[in-house]
Amino acid sequence: APLRPATAATPRPRPPPSLVGQPAPDQADVPVPEVEEEADEAQPLAGPGAVDSSEPAPAPADDSRPSKGSVADQEDVKEVATGSSYAISLGGSSSKVLTSAELQRKGASSLRFRVAVFIESKPVEYFILFLVLTFVGVVFVQIIFADADGEFALTSEQARTLTIIDFSILVVFLMEIFLKIFAFGVCVYLCIPLCLADAICVLASITLSLVELLEDDTFLSRFSHLRGVLRLIRIILMFRKVSSASENVLRLTGLGYDLECPAQRLLEILKPLEEYERLSRSQRDDVKFAIAAITSGRLYEVAANVEGMEGEPLDATSSAWVVNASQNATQQNHHQSRSRQNEEEKEPLLHSKARASVVHRMSFHTRTATRTMTMARRGSHSVPSAQEPVAWESSGFQLESFCASVAPAMDMTRVSNELRRWQDWNFDVVRFDRACLDNGLRVLSAIVTKHLGCFDSLNLDETKFQCFMAAIQAGYVADNPYHNARHATDVLQSCFWMLTSAAAREIVDVDDHQLFAVLMAAAIHDYEHPGVNNGFCVKTRHPLAVKYNDSSVLEMHHVAASYALICAYDKSNFFSSAAESTYFSVREHVIGMVLSTDISRHFEELNKLKGRVGTDHFLQDPDSLQQDKTLMLKLLVHSCDIANPAKTTALYLYWTDRVLQEYFAQGAREAEQGLPISMLMDRKTTNIAKCQVGFIDVLVLPLFDELRKVLPECRIPCQHLAQNQKFWSDRVEVMEQEMLSGTQRMPRFGKPKAEDDLMVIDVNEDRGPPLKVVPLQDPGG
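Note that the structure is a prediction, hence the values are computed from the model and not measured.

### Re the overall build of the protein
Along the backbone of the protein there are 34 helices and 7 strands. Sequence separation of at least 24 residues holds for 74% of the intrachain contacts in the protein that already meet a minimum separation of 6. Of the roughly 37,400 Å² of accessible surface on the protein, 56% is carried by carbon and sulfur atoms.

### So, the nonpolar core
Grouped together as the largest cluster of nonpolar side chains are 122 residues, with contacts concentrated most on Phe468, Met498, Phe516 and Trp728. Core analysis: the second largest hydrophobic core is formed by 28 residues, Phe135, Val139, Ile177 and Ile206 among them.

### Notes on the packing of aromatic side chains
The tally for this structure, following the rule as stated, stands at 20 aromatic pairs. Ring geometry for Trp422 versus Phe496: centroids 4.7 Å apart, planes at 15°, classification stacked. Of this pair, Trp422 sits in the loop between helix 17 (412-418) and helix 18 (429-435) while Phe496 sits in helix 22 (residues 485-499), and the two are 74 residues apart along the sequence. Take Trp422 and Phe496: they sit in the same class, and that class is buried. Note on Tyr583 and Phe584: the rings are 5.1 Å apart at their centroids and 80° apart in plane angle, and the pair reads as edge-to-face. You can call Tyr583 buried: its relative accessible area is 16%. Members of the aromatic cluster, joined through ring pairs, are Phe455, Phe465, Phe468, Phe516, Tyr563, Phe574, Phe575, Tyr583 and Phe584. When the ring centre of Tyr563 is taken as origin, the NZ or CZ atom of Arg587, which lies over that ring, is 4.7 Å away.

### Quick word on the packing of helix 24 (residues 512-524) against helix 28 (residues 580-595)
Where helix 24 meets helix 28, the axes come as close as 8 Å, and the angle between the chain directions of the two elements is 50°. Between helix 24 and helix 28, the angle is such that the two are oblique. Between helix 24 and helix 28 lies a crossing whose hand is right-handed. For the pair helix 24 and helix 28, the contacting residues are His513, Gln514, Phe516, Ala517, Val518, Met520, Ala521 and Ile524 in the first and Ser581, Thr582, Ser585, Val586, His589, Val590, Met593 and Val594 in the second. Residue composition of the contact of helix 24 with helix 28, grouped by class: 10 nonpolar, 6 polar and no charged.

### Considerations on the packing of helix 27 (residues 553-568) against helix 28
One way to put it is that helix 27 packs onto helix 28 with a least axis distance of 8 Å and a crossing angle of 155°. Judged by the inter-axis angle, helix 27 sits roughly antiparallel to helix 28. The two elements helix 27 and helix 28 cross, and the hand of that crossing is right-handed. Residues Glu555, Met556, His558, Val559, Tyr563 and Cys567 of helix 27 pack against Tyr583, Val586, Arg587, Val590, Ile591, Val594 and Leu595 of helix 28. The residue inventory of the contact of helix 27 with helix 28, partitioned by class, reads 10 nonpolar, 1 polar and 2 charged.

### Observations regarding the environment of Thr413
Looking at the secondary structure, you find Thr413 in helix 17. Put simply, Thr413 and Glu400 are 13 residues apart on the chain and 9.6 Å apart in space, counted from C-alpha to C-alpha.

### Concerning helix 21 (residues 462-475)
Taking 1.5 Å of rise per residue, 14 residues should cover 20 Å, and helix 21 covers 20 Å from first to last C-alpha, within 8% of that figure. Of all the 14 residues making up helix 21, 12 are buried; the element is thus mostly covered by neighbouring parts of the structure. Glu462, Lys464, Phe465, Gln466, Cys467, Phe468, Met469, Ala470, Ala471, Ile472, Gln473 and Gly475 are the residues of helix 21 that are buried. Here helix 21 starts with a cap whose side-chain oxygen sits 3.1 Å from the backbone nitrogen of Thr463, and that cap is Asp461.

### As for helix 16 (residues 399-406)
Buried within helix 16 we find Phe402, Cys403, Ser405 and Val406. For helix 16, the angular spread of buried residues about the axis comes to 160°, placing them on one side.

### As for the pattern of salt bridges
Applying the stated rule across the entire model yields 16 salt bridges. For Glu176, the salt bridge is made with Lys180, and the minimal N-O distance between the two is 3.3 Å. Here the residue Glu176 and the residue Lys180 both occupy positions in helix 4 (residues 156-184), the gap between them amounting to 4 residues, near one helical turn. The shortest N-O distance in the salt bridge between Glu736 and Lys690 comes to 4.0 Å. Here Lys690 lies in helix 32 (residues 688-708) and Glu736 lies in helix 34 (residues 732-741), a separation of 46 residues in the sequence. For Glu736, a relative accessible area of 21% gives the class partly exposed. When salt bridges that share partners are traced, they join Asp433, Asp438 and Arg486 into one network.

### Overview of unusual backbone geometry
In this structure, Glu528 is a non-glycine residue whose phi angle is positive, near 60°. Here Glu528 shows up in the loop between helix 24 and helix 25 (534-539). Unusually for a residue other than glycine, Ser552 sits at a positive phi of about 45°. By the element assignment, Ser552 lies in the loop between helix 26 (543-547) and helix 27.

### Re the side chain of His602
The residue His602 is located in helix 29 (residues 602-613) in this model. In terms of polar contacts, His602 uses its side chain to reach the backbone carbonyl oxygen of Leu699, at 3.4 Å.

### Side note on the environment of Ile696
Structurally, Ile696 can be placed in helix 32. We classify Ile696 as buried; its relative accessible area is 0%. If sequence neighbours within four positions are ignored, Ile696 has contacts with Pro645, Tyr652, Leu701, Pro702, Leu721, Asn724 and Gln725.

### Observations regarding the state of the cysteines
For the structure shown, the criterion picks out 0 disulfides. As a non-bridged cysteine, Cys718 has Cys714 as the owner of its nearest cysteine sulfur, 6.6 Å distant. Note on Cys718: relative accessible area 11%, which makes it buried.

### With respect to the confidence of the model for the protein
For the protein, the average pLDDT comes to 74, and 62% of its residues sit at 70 or higher. Contacts from residues 1-98, a stretch scored under 50 in pLDDT, to residues over four places away or in other chains number 170 contacts. Note on residues 342-395: pLDDT under 50 across the span, and 67 contacts to partners over four residues away in sequence or across chains.

About the criteria used
Residues numbered from 1 in each chain as written. Predicted model: local features only at pLDDT ≥ 70, side-chain atom pairs only at ≥ 80, totals over all residues. Heavy atoms only, no water. Helix = DSSP H or I, 4+ residues; strand = E, 2+ residues; numbered from the N terminus. Contact = heavy atoms within 4.5 Å. Areas by Shrake-Rupley, 256 points an atom, 1.4 Å probe, with all protein chains shown as cover. Core = buried A, V, L, I, M, F, W, Y, C linked by side-chain atoms within 4.5 Å. Buried < 20%, exposed > 50% of the residue type's maximum accessible area, 1.4 Å probe, protein only. Phe/Tyr/Trp six-rings, centres within 6.5 Å; stacked < 30°, edge-to-face > 60°. Lys NZ or Arg CZ within 6 Å of the ring centre and 35° of its normal. Axes fitted to C-alpha atoms, helices over the stretch in contact; angles between N-to-C directions. Parallel < 35°, antiparallel > 145°, perpendicular 65-115°, else oblique. Left-handed = near helix turned anticlockwise from the far one by under 90°. Nonpolar A, V, L, I, M, F, W, Y, C, P; charged D, E, K, R; others polar. Expected span 1.5 Å × (residues − 1). Polar contact = N/O pair within 3.5 Å; in protein donor to acceptor, adjacent residues only side chain to side chain. Arc of directions from axis to C-beta. Salt bridge = Lys/Arg side-chain N within 4 Å of Asp/Glu carboxyl O. Disulfide = S-S within 2.5 Å. pLDDT = per-residue confidence, 0-100.

See below:
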């Protein structure tokens, strides 16, 4: 489907958790309209004979004649070619599979529906297969023992016995045909060419067998050639019946283990529809597309021919975002390397030396980040003692005492002032972290977990949790412009807003394990981040890339290194007093949430959510409730990780400046080491405004707009996204000229504030420090 910026549609209301699994009160007595609803309102498939409990059963119809609204009288109800008891509605321009309950609402008589179910039952399938094999044997005997004139080389009694058996079996086949016509309708059954040919052949064969029983040999000799042709045709049709019946029996026998996956079942349903005569050409093309999508195994990937808002192809910047969000690091590197292949073939020796230098030579920043990781794994960084004076009192969390234990020089008046809006979406985490003397992650994690009652509900050790958070905060590389503890604090506060103010805790019905897992995942999701992305680790064959097989390299490390603190140090093992099931349940959720922050999984997870939200039973069906909740929480953490464009423009510019510093610094290192420069990381060719417009249009806005359908309060981030998208769109042309002239700068927002540490990008800095410090306005000013 074309990828376009989502529009501000009215969110679909969701019932409270207490009504999950129950019919909505405003749907109980609504009469069924004559015209089918749109495809996105279709009910899920149900098995034969299933009854929709959310709607009242229709009044029994008169079994002696078809009811007024019977299936036979409705041209828009057609049989699925597989012979299942489902029907497909072809009214209008869309197709829709009808369940048994919907068939009954449309007027299908109860007798006809019971007949359809009876025909597809296991005993009937066995019986039909037995008769088909018997009939094939009888026809073969007739052919083998027939002479050149078509007469039997058998005694008259033997020939008559074979004819009686042949006639009896054909009568049963004729009854089967009549029952199917009665159950599914004349137009439905006979519109299938094979079914029509089968019916004609059976009728002709019955007529011939009846003549053989009633007439003498002299009369029959006139039709000897016709009898031979009919026998051959019957053999061909019976082989088709054998094939069809065998497939049904194998499906029904249950021999061995049924290891069929849903994709196989979908293909079984769709393939007969591919040649279904009553479907239009466009509908058959849609079926072929569905079959190709299922067989490719790439249901949730974005199509290569993505289009923009008005049908035009995406520009290079937006396409780069699509690639980043849909391909893993190995695929991205392969994509970049193909463009350099000819050049490398011309200079193989130089290429070999460059690659060797990549493996054995690292810049100062890379060595520093690697040393930090190594020290963390060995336990070299300072983990606070369990006896550290962390003040907890029976009356609840004491902020002033806790902050004094973290940093005695902390100004509590300033901290309290910054915390006045700590539950708002646009909470200024930058000013808060500065007030906490760069201890914002420890302070906010203590406030949030205590506020939500996590320790009491899960029996976690509060003191050890604070030791753990001190180690986590220390493990974030402070020299990283973006991926530092301040960013983790921002994601943690955004997740808290989603759970509380956006009511995700109530709407998604988050349990205690999932609640704490969201907070923990937000706090550790970039732990020990080296300031480069997965692609760089793979290109340089970093030990982490080798260890995690080039798959979600950094995300794997964030989780593993964080849990190493819990397992290696008792003073940071806050699960020590909790139940074992709590540890494994929280761990399972945390792993999934942190791995979902890998940008290469963005479209896969988002398209899964679109598919689930598009149904009427999202977060309501007991069979898929846990999967729905898990998916929602993964995307909740991921959305908060990329939520900078969804904040006020001032905050957004702060984070944009920081993330571009990391991007361009990595691009400079790649160029220095002779590697292909990653997309959007070349300071000389990246239009910052266009880069941010693509980021919003391709990734962030579609995600938040989909979340808004479940969490209506996400309209607030969506409003900021629209404002910030316009902010950058108005500057694309100007910044394009600046980029070409080498004078591109981050736009100013408000009055600059002296001695501030906000930075802008200087594209002329090719050597030395890649970033130039220029005072800008404070986001909270």
